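Read off the chains here:
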Amino acid sequence: MSVSLSAIVPIYNEEKFLEESVNNLLKIKEIEKIFLVDDCSLDSSREIMNTLELKNDKVSIFKTNKNSGKGRAICVVQEYLETDYVIIHDADLEYDPIDIPKMVKNINKDNFNLVLGSRFMNDNKKQLYLRTFLANKLLSKFFSLIHKVDVTDIATCYKLMPTEFFKNENFVETGFAIEVELLAKYFKNNKNFIEIPISYKARSYEDGKKIKLIDGFKYLLAMLKYKF
């Protein structure tokens, strides 16, 4: 039994890395469809997307009505998903799609599970900001405690999810807190998951990193909101 896979790429002002990032995805044979979602970029990202779509049958472009954040962007394509699984891929180069086939191999084909790629299971030296590293670790421990699971990296972008779960849930978080909402709603009814190590190369705020300190507080509020 083979498993089909789509990738969703939320995009906001990523002209510097976008082409290389999507080309890396296109090298992964397991991915059948790539959905590029423009969150109303103000740079040349849309022109790059148009070129990528023209050159590759796997690529389709979508757009949000207004700039709202990662959560809103990924949900734009919910109704168009037709594969068994879906994964989110950020448009920068922090994550390497070479890890995706390894994640696919950890899918339970008899009882579809959630596969998480953890940046903290390896001895990862490519962390730029100690505060974000420590915040992620602490938030992951708190999330694990209240949901009675053991997750080392709740903020990971690489969440390989059964499409049936992602497509049929109503997600309300518009920003980065979607990461917490996804996990909380999955674990509410299903603890079938596995976490595997992935590579990670953090980018700087000068290179366009968008997550901020306030997002850590939003993560915490989302944890409480979707648990209690």
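Anyway, here's the lowdown on the structure attached to this text. (Residues numbered from 1 in each chain as written. Predicted model: local features only at pLDDT ≥ 70, side-chain atom pairs only at ≥ 80, totals over all residues. Heavy atoms only, no water.)

### So, the sheet that holds strand S1 (residues 5-11)
What the seven strands build is an open sheet, ordered S3-S2-S1-S4-S6-S5-S7; its pairing is mixed. Edge positions in the sheet fall to strand S3 (59-63) and strand S7 (193-197), since each has one partner strand and no second. Strand after strand, the sheet turns through a mean of 20° between neighbouring axes, direction not considered. Inspection of the sheet shows strand S2 (residues 31-38) paired to S3 by five bridges, in the parallel sense. (Pairing = 2+ DSSP bridges. Helix = DSSP H or I, 4+ residues; strand = E, 2+ residues; numbered from the N terminus. Axes fitted to C-alpha atoms, helices over the stretch in contact; angles between N-to-C directions.)

### So, helix H2 (residues 45-55)
Taken residue by residue, H2 has Ser45, Ile48, Met49 and Leu52 as its buried positions. Down the axis of H2, the smallest arc covering the buried residues is 100°, so these residues share one side. Turning to H2, the residues buried within the fold contact S1, helix H1 (18-26), S2 and S3. (Buried < 20%, exposed > 50% of the residue type's maximum accessible area, 1.4 Å probe, protein only. Arc of directions from axis to C-beta. Contact = heavy atoms within 4.5 Å.)

### A closer look at the nonpolar core
Core analysis: the largest hydrophobic core is formed by 70 residues, its most contacted members being Ile8, Leu36, Ile100, Phe143, Ile154, Leu160 and Phe166. Sort the elements by how many residues they give to this core and helix H7 (residues 178-189) lands first, with seven residues. Apart from the residues within four sequence positions on either side, Ile100 is in contact with Leu5, Leu25, Ile28, Ile31, Ile87 and Tyr158. (Core = buried A, V, L, I, M, F, W, Y, C linked by side-chain atoms within 4.5 Å.)

### A few points about the environment of Thr156
Secondary-structure assignment places Thr156 in the loop between helix H5 (130-147) and strand S6 (159-162). By relative accessible area, which is 0% here, Thr156 ends up buried. Between the alpha carbons of Thr156 and Glu179 there is a distance of 7.5 Å; along the sequence they are 23 residues apart. Leave out the neighbours within four places in its chain, and Thr156 touches Tyr95, Gly117, Arg119, Glu179 and Ile198. Within the local environment of Thr156, its side chain forms a polar contact with the backbone oxygen of Gly117, the two atoms lying 2.6 Å apart. (Polar contact = N/O pair within 3.5 Å; in protein donor to acceptor, adjacent residues only side chain to side chain.)

### Some words on unusual backbone geometry
Residues other than glycine seldom take positive phi values, yet Asn13 does so here, at roughly 50°. For Asn13, the position within the fold is in the loop between S1 and H1. Positive phi, normally seen in glycine, also occurs at Cys40, with a value near 60°. Within the fold, Cys40 resides in the loop between S2 and H2. The buried category is assigned to Cys40, whose relative accessible area is 15%.

### Observations concerning the pairing of S1
Put simply, side chains in a regular strand alternate between the two faces of the sheet. Judged by how many residues are buried, S1 sits mostly within the fold: seven of seven residues are covered. Alternating positions in S1 separate into two faces, Leu5, Ala7, Val9 and Ile11 on one and Ser6, Ile8 and Pro10 on the other, with burial throughout. Relative to S2, S1 runs parallel, the two sharing seven bridges. When the sheet's bridge partners are listed, Ser6 is paired in S2 with Lys33. Taken together, S1, H1 and S2 constitute a β-α-β crossover, and its handedness is right-handed. One ladder, built from four bridges, connects S1 with strand S4 (residues 85-88); its direction is parallel. Looking across to S4, one finds that Leu5 is bridged to Tyr85. (Right-handed = clockwise from strand over helix to strand, strands pointing away.)

### Digging into the pattern of salt bridges
Taken as a whole, this structure holds nine salt bridges when the rule is applied. For the salt bridge of Glu30 with Lys29, the shortest nitrogen-to-oxygen distance reads 3.4 Å. Residue classification places Glu30 among the partly exposed positions, given a relative accessible area of 21%. The shortest N-O distance in the salt bridge between Arg46 and Asp38 comes to 3.8 Å. Given the relative accessible area of 2%, Asp38 is considered buried. Each member of the salt-bridge network shares a partner with another, and the members are Lys70, Asp90, Lys159 and Glu179. (Salt bridge = Lys/Arg side-chain N within 4 Å of Asp/Glu carboxyl O.)

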